[in-house]
Amino acid sequence: MSGAALAVVVVVVFFLALYLLQRYGDLRKQQRMVLLGTLLSWFLCFLIVFILPLDVSTTIYKQCLLDNANHPTPVTRGRRSNQTDDSFSVYPTVSEPKACEEPWSYIPDGVLPVFWRVVYWTSQFLTWLLLPFMQSYARSGAFSRVGKIKTALIENAIYYGTYLLIFISLLIYVAAHPKLQLSWRELQTIGITAANTWGLFLLVLLLGYGLVEIPRSYWLSSSHGYLLAKTYFKAAKVATEKASAEENLADVMEDVAGVHESVRYNHHLRKCVDTILTKCPAEYREEMERNAESSGGEQNVPPTKRSLINLHKKVISAVQRHSQTQVQWSILLDEAFHLEDVAKSQSSAVRQFVHSFPSAHHHSWIQRFICSPTAEWYWECVFRQSFYRLLAVLLCLLSAAVVWSECTFFSTRPVLSLFAIFVHMAEKQHNYICIEMVCFISILFLCVCVYSTVFRIRVFNYYYLVPHHQTDAYSLQFSGMLFCRLTPPLCLNFLGLIHMDSAISHQDRIQTSYTSIMGSMHVLSFISDGFYIYYPMLVLLLCFATFYSLGSRCLNLLGFHQYITDDDLTSDLVDEGKELIRRERRKRQKAEDGENRRWAWRERYEVQGAAGRTRAGYTELKDNQNSPEIKKSVFTFPRGDEETEEQQRSLLQDNSGDEDSPNRRSRGGRYLSLSPSRTGIFDDV
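Residues numbered from 1 in each chain as written. Predicted model: local features only at pLDDT ≥ 70, side-chain atom pairs only at ≥ 80, totals over all residues. Heavy atoms only, no water.

## A short note on the pattern of salt bridges
Line of reasoning, step 1. Applying the stated criterion to the full structure yields 14 salt bridges.
Line of reasoning, step 2. For aspartate 109, the salt bridge identified is with lysine 62, shortest N-O distance 3.0 Å. Note that aspartate 109 is positioned in the loop between helix H2 (32–70) and helix H3 (111–139) and lysine 62 in helix H2, a separation of 47 residues in sequence.
Line of reasoning, step 3. Residue arginine 585 pairs with aspartate 341 through a salt bridge whose shortest N-O separation is 3.8 Å. Taken together, the residues span a long stretch of sequence, with arginine 585 in helix H21 (residues 568–613) and aspartate 341 in helix H10 (residues 305–346) at a distance of 244 residues. (Salt bridge = Lys/Arg side-chain N within 4 Å of Asp/Glu carboxyl O. Helix = DSSP H or I, 4+ residues; strand = E, 2+ residues; numbered from the N terminus.)

Written out as structure tokens, the structure is:
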């Protein structure tokens, strides 16, 4: 396979990162540099996770070759001889070591070190230098590129100065150590160690939350009652946020309107005001134009450029927040309506799933073929609960294995880490596929626990990843920074769990190419022998805290409402959300009924108009008469609907009861005949 496996993984990971960016970001509206920086950071971090199992299998193969070269075993293989009796054949009494088979995903020498060096240092450049600068650049309200760059440099001066101070402190420590000599390689190791220490500190916090919350969320999601109650709770919170966002947007638009009226078109700041107006919603711009025309030329105090910059920043934030809450509210309504439909379908005797608003579900023909009403009913009402609970049990077992291994991975004799045991068993059998699968599943689960927490957490309105293209530039770049800082220590922690990191296992083995790029952590012994070994044990305490929802209860006490089942405030918010959903259901039902009624009338009118245009009646003139005689006309109608046919016949036949009313109305209020008179209908023949 050579490098084919590496190339396939690179392509797959790129499209995975692009899909996530398309889901959370807006590829059409957001700045290209923001999208490129976020895509590159996500791509590099996911790439490290997917390539590391290939590095492990390649390293184990090299270790096998080294062991066979250092400890050759003479082998005498007996062969069957045709000249002797079959029972006299001699077989070897000394067992032959199993030959080292090259793994299917073997990567040639020299490829991985260069690959890891490029990937690692590019991700570190992004997370420590470029992305923080681009964050400030994207949030700046300046009207020129030079102004945005200046603002970004000023905001990041303290940020960069703090890291420089930490690096200088570590440099002084190493320089004062009598046994250490400073070199460029050791300086790199100091920088890598400092970055990994910061990342490991945050990694354990996020991992302790994800190891408990992910299995528990799947277990609780198997109950439709729990999901429906939590959706009502979210509806109450989102409704409050939506009202607050609308009020904030209205206040900001009032400020913009005042600036728009005070800065005339001949003012030197008018270009800045026009830039602000382009960021405002269309309905507000139109209202501002009308108010400006009717204001009568009142002169207000013109603003300064600094105030316009601050106003520009407020407009961007307010419009983004308003759009996020609108989309979240719409998605939450659809989710609540779906869960209510599930509750109705569970109590229904008909084994077909019925949607309250079918027009809101636009599926392709493939989805309609696979997700039929019967199949959807069986999934939602029968199989979904069992599947989610089985998945929760499997995830719980994986979480228990991770917690046990995190607390015991420093023990090499005996080997207590479960992941190290699995890898060593597969190594003895030279089963490289099993090694890669164990490594991939293990590191993938660790990444899901950590990355899902990054996607879930919310820091007020500054950092919040919102799906459906609603995430702002600041949050996208902040997530890229977190990924680049969390992935290297996560990979080192995983290599420690399987005893492939000599700094932790203290074994004389060939190091992986990834570990060789990290350098020797013995330069800072108090970190390699202390912090890296004992700090991950804190994950056990964090798991207990997450299990008893201590963090949610603390946030609830501080006024940040969290969903806690045994809390009175939660019950009140659930009731409030239920009433909001009921109100929105009635509103949508009325709109749906009105649309269906208009559609029915429109279709009925089109059928009648088509029938009127395709009339085939005619009259025959008799040769022996001076005036034409109107004979019975012959009309042809489609044979599909007898009621429609009879209705169309009645339009063209005389009715004695309707002589005084030539335009007779139907029950629905529609005119059955649009002609002005019946008597002269054939006058033009």
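Okay, back to it.
## So, helix H1 (residues 4–24)
Line of reasoning, step 1. The end-to-end C-alpha distance of H1, which contains 21 residues, comes to 31 Å, matching closely the 30 Å that a straight helix rising 1.5 Å per residue would cover.
Line of reasoning, step 2. Those residues of H1 lying buried are Ala5, Leu6, Val9, Val13, Ala17, Leu20, Leu21 and Tyr24. End-on view of H1: buried residues confined to an arc of 130°, all on one side of the axis. In H1, those exposed residues whose orientation departs by more than 90 degrees from the buried face are Val8 and Phe15.
Line of reasoning, step 3. Considering only its buried residues, H1 is in contact with H2, H3, helix H14 (432–456) and helix H15 (473–497). (Expected span 1.5 Å × (residues − 1). Buried < 20%, exposed > 50% of the residue type's maximum accessible area, 1.4 Å probe, protein only. Arc of directions from axis to C-beta. Contact = heavy atoms within 4.5 Å.)

## Topic: a negative patch on the surface
Line of reasoning, step 1. On the surface, Glu247, Asp251, Glu254 and Asp255 cluster together into a patch of negative charge.
Line of reasoning, step 2. Its location among the elements puts glutamate 247 in helix H7 (residues 224–262). (Patch = residues over 30% accessible without salt bridge, like charges linked within 9 Å, V, L, I, M, F, W, Y side chains within 5 Å. Areas by Shrake-Rupley, 256 points an atom, 1.4 Å probe, with all protein chains shown as cover. Lys, Arg positive; Asp, Glu negative; His and termini not counted. Charge placed at Lys NZ, Arg CZ, Asp CG, Glu CD.)

## Considerations on the packing of H2 against H15
Line of reasoning, step 1. Close contact between H2 and H15 brings their axes to 8 Å; oriented N to C, the two are set at 15°. In this view, H2 runs roughly parallel relative to H15, as classed from their interaxial angle. In terms of crossing hand, the pair formed by H2 and H15 is left-handed. Within the contact between the two elements, H2 uses Val34, Thr38, Ser41, Trp42, Cys45, Phe46, Ile48, Val49, Leu52 and Val56 and H15 uses Ala473, Leu476, Gln477, Ser479, Gly480, Phe483, Cys484, Thr487, Cys491, Phe494 and Leu495.
Line of reasoning, step 2. Its residues assigned to classes, the contact of H2 with H15 comprises 15 nonpolar, six polar and no charged. (Axes fitted to C-alpha atoms, helices over the stretch in contact; angles between N-to-C directions. Parallel < 35°, antiparallel > 145°, perpendicular 65-115°, else oblique. Left-handed = near helix turned anticlockwise from the far one by under 90°. Nonpolar A, V, L, I, M, F, W, Y, C, P; charged D, E, K, R; others polar.)

## Here we look at the nonpolar core
Line of reasoning, step 1. Ranked by size, the top nonpolar core spans 90 residues in total, and within it Trp42, Ile51, Trp116, Leu211, Ile498 and Tyr514 carry the most contacts.
Line of reasoning, step 2. Here the element with the most residues in this core is H2; it accounts for 17 residues.
Line of reasoning, step 3. Here tryptophan 116 is in contact with Ile48, Ile51, Leu52, Asp55, Ser513, Tyr514 and Ile517, once residues within four sequence places are set aside.
Line of reasoning, step 4. Within the second largest apolar cluster, 20 residues are counted, among which are Leu332, Phe357, Val574 and Ile581. (Core = buried A, V, L, I, M, F, W, Y, C linked by side-chain atoms within 4.5 Å.)

## A look at the confidence of the model for the protein chain
Caution is warranted with low-pLDDT regions, since their predicted coordinates should not be read in detail.
Line of reasoning, step 1. Mean pLDDT over the protein chain stands at 79; residues scoring 70 or higher make up 78%.
Line of reasoning, step 2. Counted against residues more than four places away or in other chains, residues 74–96, with its pLDDT under 50, gives 13 contacts.
Line of reasoning, step 3. Across residues 615–685 the pLDDT falls below 50, and counting only partners more than four positions away or on other chains, this stretch makes 59 contacts in the model. (pLDDT = per-residue confidence, 0-100.)

## A short note on the side chain of arginine 485
Line of reasoning, step 1. Relative to the assigned elements, arginine 485 resides in helix H15.
Line of reasoning, step 2. It is glutamate 155 that comes nearest to the buried, bridge-free arginine 485 among opposite-charge side chains, at 13 Å.
Line of reasoning, step 3. The residues touching arginine 485, leaving out its near neighbours within four places in the chain, are Thr127, Trp128, Pro132, Tyr159, Tyr163, Trp198 and Gly199.

## Regarding the side chain of glutamine 470
Line of reasoning, step 1. Summarising the element assignment, glutamine 470 is placed in the loop between strand E2 (463–464) and H15.
Line of reasoning, step 2. Residues within four places of glutamine 470 in sequence aside, it is in contact with Tyr24, Gln320, Ser323, Gln324 and Val327.

## Thoughts on the packing of aromatic side chains
Line of reasoning, step 1. Taken as a whole and assessed by the stated rule, the structure comprises 30 aromatic pairs.
Line of reasoning, step 2. Their ring planes at 65° and their centres at 5.4 Å tell us that phenylalanine 115 and tryptophan 116 sit as a pair that is edge-to-face. The same class applies to phenylalanine 115 as to tryptophan 116, namely buried.
Line of reasoning, step 3. A cation over an aromatic ring shows up here: arginine 485 above the ring of tryptophan 198, its NZ or CZ 5.1 Å from the ring centre. (Phe/Tyr/Trp six-rings, centres within 6.5 Å; stacked < 30°, edge-to-face > 60°. Lys NZ or Arg CZ within 6 Å of the ring centre and 35° of its normal.)

## Some details on the state of the cysteines
Formally, a disulfide is one covalent bond, and it connects the sulfur atom of one cysteine to the sulfur atom of another.
Line of reasoning, step 1. Considering all chains together, one arrives at one disulfide under this definition.
Line of reasoning, step 2. Here cysteine 64 pairs with cysteine 100 through a disulfide, and the sulfurs are 1.8 Å apart. On the S-S bond that ties cysteine 64 to cysteine 100, the torsion sits near -80°, and the link is left-handed. Of this pair, cysteine 64 sits in helix H2 while cysteine 100 sits in the loop between H2 and H3; the two residues are 36 residues apart in sequence, bridging distant segments of the chain.
Line of reasoning, step 3. Given the relative accessible area of 9%, cysteine 64 is considered buried. (Disulfide = S-S within 2.5 Å.)

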